[in-house]
Amino acid sequence: MVGKLVIYWDYELQTGADQAISTKGKWDGNDDYKQTEKLLNVLNERGIKSTFAVVGICGLNGELPYHSPEQIKKMSDFGHDVGSHTFNHEYLPGISLEDLKKTLRKSKEVLEKVTGKKVVSFVPPHNQPLEFYGLSIELKKRKGISKIKQKDLIRILRELKYENYRINHWTPFRNKILKRFRSYNIRRKNGVTLINVCCADGFFKPAFDVVKHAVNTGNVGVVYGHPWALGSLGAQSMEAFMKFLDFLKPLIDSKKLEIVTAKDL
Ligand SMILES: [Zn+2]
């Protein structure tokens, strides 16, 4: 049995920094850029491919801290999967279907122009809306039922030729109360591959547990981070990520684990 692991990076430059909730003022678009340069070197040295969820506006012609089409092109040229993280980091639960279509279409167009490749992977900002027993709910800015339903989001992704979606299947009992983290099988719904979030951002014990579970079951583990946070302390620091990579290496070498990108699934 071979487990699989997708390592995502949510890349937002200054647009993300301007909208940050809990990390407001702690970073800016230049930090995101600089840490991404370091990250690309580390991934290159280790031969690891990641999926970058890129805010479309970052790919427009213009200057840092808001734009860097060159860096996005570099991600793609290094063999990473460049996916959409919407155009302007919109909080999806509160927008209309029309605006949802616009942000998904515009980000895809810009990123395809920059990379010269098809953009097929999607990650919603703040991992919202959540999927919870058939309901689409939101917990980040407001708490309640999301205006955008999962089934509509999946239908529009399909219409616009996206192929996969990092979905947040909410499991507060398992993750918050029992503090247990596992991997999942991918699901296919209306032609879109659903890739479950497994734990919060970062590379501490929950990420290790997700990988161990994927190795034992042959499931797909998902971990993610934000490049800017590699330069800070804590679960998303470069130190934590390097330790995580050291933990992965023997699993990869012994063919128990395969690192894949979202578009490979
Ligand atoms: Zn984001």
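Up top you'll find the structure we're talking about.
Residues numbered from 1 in each chain as written. Predicted model: local features only at pLDDT ≥ 70, side-chain atom pairs only at ≥ 80, totals over all residues. Heavy atoms only, no water.

## Brief notes about the environment of Arg166
Along the chain, Arg166 turns up in strand β8 (residues 164–169). On the basis of relative accessibility, which here comes to 0%, the residue Arg166 falls in the buried class. For Arg166 and Phe247, which are 81 residues apart along the polypeptide, the C-alpha to C-alpha distance reads 24 Å. Once residues within four sequence positions are removed from consideration, Arg166 is found in contact with Tyr8, Asp10, Phe122, Val123, Pro124, Asn127, Ile195, Val197, Val222 and Tyr224. Of the polar contacts made by the side chain of Arg166, one reaches the side chain of Asp10; its length is 3.0 Å. A polar contact is formed between the side chain of Arg166 and the side chain of Asn127, at a distance of 3.0 Å. (Helix = DSSP H or I, 4+ residues; strand = E, 2+ residues; numbered from the N terminus. Buried < 20%, exposed > 50% of the residue type's maximum accessible area, 1.4 Å probe, protein only. Contact = heavy atoms within 4.5 Å. Polar contact = N/O pair within 3.5 Å; in protein donor to acceptor, adjacent residues only side chain to side chain.)

## Here we look at the coordination of the zinc ion
Surrounding the zinc ion are the protein donor atoms Glu12 (OE), His85 (NE2) and His89 (NE2), at 1.9 to 2.1 Å. Mapping the donors of the zinc ion onto the primary sequence gives the spacing E-x72-H-x3-H. Residue Glu12 is found in the loop between β1 (3–11) and α1 (13–19), and its partner His85 is found in the loop between β3 (81–84) and α4 (97–115); the two are separated by 73 residues along the sequence. His85 carries the same exposure label as Glu12, and that label is buried. (Donors = N, O, S within 2.8 Å, 3.2 Å for Na, K, Ca; no water.)

## Section: the environment of Met242
Secondary-structure assignment places Met242 in helix α8 (residues 238–253). Its relative accessible area of 25% is what places Met242 among the partly exposed residues. If we skip the residues at most four places from it in the chain, Met242 touches Val42 and Arg46.

## Section: helix α5 (residues 150–159)
An α-helical turn contains 3.6 residues, so any two residues separated by three or four positions project in the same direction. Residues of α5 that are buried: Gln150, Asp152, Leu153, Ile154, Ile156 and Leu157. Two residues or fewer after α5 comes Lys161, characterised by a positive phi angle close to 70°.

## Quick look at the packing of aromatic side chains
Tallying each qualifying case throughout the model produces 12 aromatic pairs. Each ring, one from Phe122 and one from Tyr162, has its centre 6.0 Å from the other, and the planes form 65°; the classification is edge-to-face. Of this pair, Phe122 sits in strand β4 (residues 121–122) while Tyr162 sits in the loop between α5 and β8, and the two are 40 residues apart along the sequence. Look at Tyr162 and you get buried, because its relative accessible area is 2%. Note on Phe122 and Tyr165: the rings are 6.0 Å apart at their centroids and 45° apart in plane angle, and the pair reads as tilted. Of the two residues, Phe122 sits in strand β4 while Tyr165 sits in strand β8, which places them 43 residues apart along the sequence. Given a relative accessible area of 0%, Tyr165 falls into the buried group. A connected cluster of aromatic rings, assembled from ring pairs, spans Trp9, Phe203, Phe208, Phe241, Phe244 and Phe247. It is Lys108 that lies over the ring of Tyr162; its NZ or CZ is 5.6 Å from the centre. (Phe/Tyr/Trp six-rings, centres within 6.5 Å; stacked < 30°, edge-to-face > 60°. Lys NZ or Arg CZ within 6 Å of the ring centre and 35° of its normal.)

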